[in-house]
Amino acid sequence: MGKSSFYTRIINISDYIDSSNIESVKTRLFDKSMPEPNTGCFIWIGCLFNGDYGRMWVRDKQIMAHRISYFVHKGEIPEDFVIDHICNNPSCINPQHLEAKTQKDNGYRSKHSPTTINAQKTHCKNGHEFTEENTNSTIYGRRCITCVKKYKSEWYLKKIATKERLKKLNHKK
Ligand SMILES: [Zn+2]
Ligand SMILES: [Zn+2]
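Predicted, not measured: the structure shown is a model, and the values here were computed from it.

### Side note on the environment of Ser-91
Among the secondary structure elements, Ser-91 is positioned in the loop between strand E6 (81-85) and strand E7 (98-102). The spacing of Ser-91 and Asp-52 is 39 residues in sequence and 5.7 Å in space, taken between C-alpha atoms.

### Quick notes on the sheet that holds strand E4 (residues 53-58)
What the three strands build is an open sheet, ordered E3-E4-E5; its pairing is antiparallel. Among the strands making up the open sheet, the edge pair consists of strand E3 (48-49) and strand E5 (61-64). The sheet contact formed by E3 and E4 spans two bridges and is antiparallel. What sits directly across from Phe-49, in E4, is Tyr-53. Of the strands in this sheet, E4 and E5 are in contact with helix H3 (residues 65-74), which crosses E4 at around 65°.

### Thoughts on the environment of Glu-129
Locating Glu-129 in the fold gives a position in the loop between helix H5 (117-120) and strand E8 (135-138). Spatially, the C-alpha atom of Glu-129 lies 9.6 Å from that of Thr-146, the residues being 17 residues apart in sequence. If we ignore the near neighbours within four places in the chain, the residues touching Glu-129 are Thr-122, His-123 and Asn-134.

### With respect to the nonpolar core
Core analysis: the biggest nonpolar cluster contains 18 residues, and Ala-65, Ile-68 and Ile-93 have the highest contact counts within it. Those elements giving two or more residues to this core turn out to be helix H2 (22-31), strand E2 (42-44), E4, E5 and H3. The leading source of residues in this core is H3, at four residues. Not counting the four nearest positions on each side in its chain, Ile-93 is found in contact with Leu-29, Ser-33, Phe-42, Trp-44, Gly-54, Ala-65, His-66 and Ser-69.

### Section: H3
Among the 10 residues that make up H3, seven are buried, leaving the element largely enclosed by the rest of the structure. Among all positions in H3, only Ala-65, His-66, Arg-67, Ile-68, Ser-69, Tyr-70 and Phe-71 are buried. Among the structural elements, H2, E2, E4, E5, E6 and E7 are those in contact with the buried residues of H3. Where H3 terminates, the next one or two residues include Gly-75, which has phi positive at roughly 115°.

Thresholds, definitions, all that
Residues numbered from 1 in each chain as written. Chains lettered and ligands numbered in written order. Predicted model: local features only at pLDDT ≥ 70, side-chain atom pairs only at ≥ 80, totals over all residues. Helix = DSSP H or I, 4+ residues; strand = E, 2+ residues; numbered from the N terminus. Pairing = 2+ DSSP bridges. Contact = placed C-beta atoms within 7 Å. Axes fitted to C-alpha atoms, helices over the stretch in contact; angles between N-to-C directions. Core = buried A, V, L, I, M, F, W, Y, C linked by C-beta atoms within 7 Å. Buried ≥ 20, exposed ≤ 12 C-beta atoms within 10 Å, placed from the backbone.

Written as structure tokens, this is what we have:
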């Protein structure tokens, strides 16, 4: 029963976050995550637990980032409840993708459960169809290839533009 011993180690977040530090915790969650255009996930870019779940120091404790996100945005996590990712992306901290479930409910969900939001969609959020050629299946779910390409090229152009701007600035000096 390795799984249940893992869950019993979960700590009570309200012992670590209150009105005195909740705003700074929210800011840190925002700073340490990055939006993923296809899935709407906020990917944790800080430290990870087992390469999966984000973690963050609060006072003297390391706490799982998605649980913190649930706590500060949606409220107290009921005892014996686990926070489930409806997007199946363990490193996501988007509160809209997090759901409190009993440990039992959570155990019945498989990684590629057809009940996940991604599997129900026939099109990406920008309206491209999830055809065989346009779909990249990753451990985080399906990705629209058209959108990923667009996102990557936009990011690249932005990077070039920043470089050019810096070059010009240096030239003026
Ligand atoms: Zn997500
Ligand atoms: Zn798309």
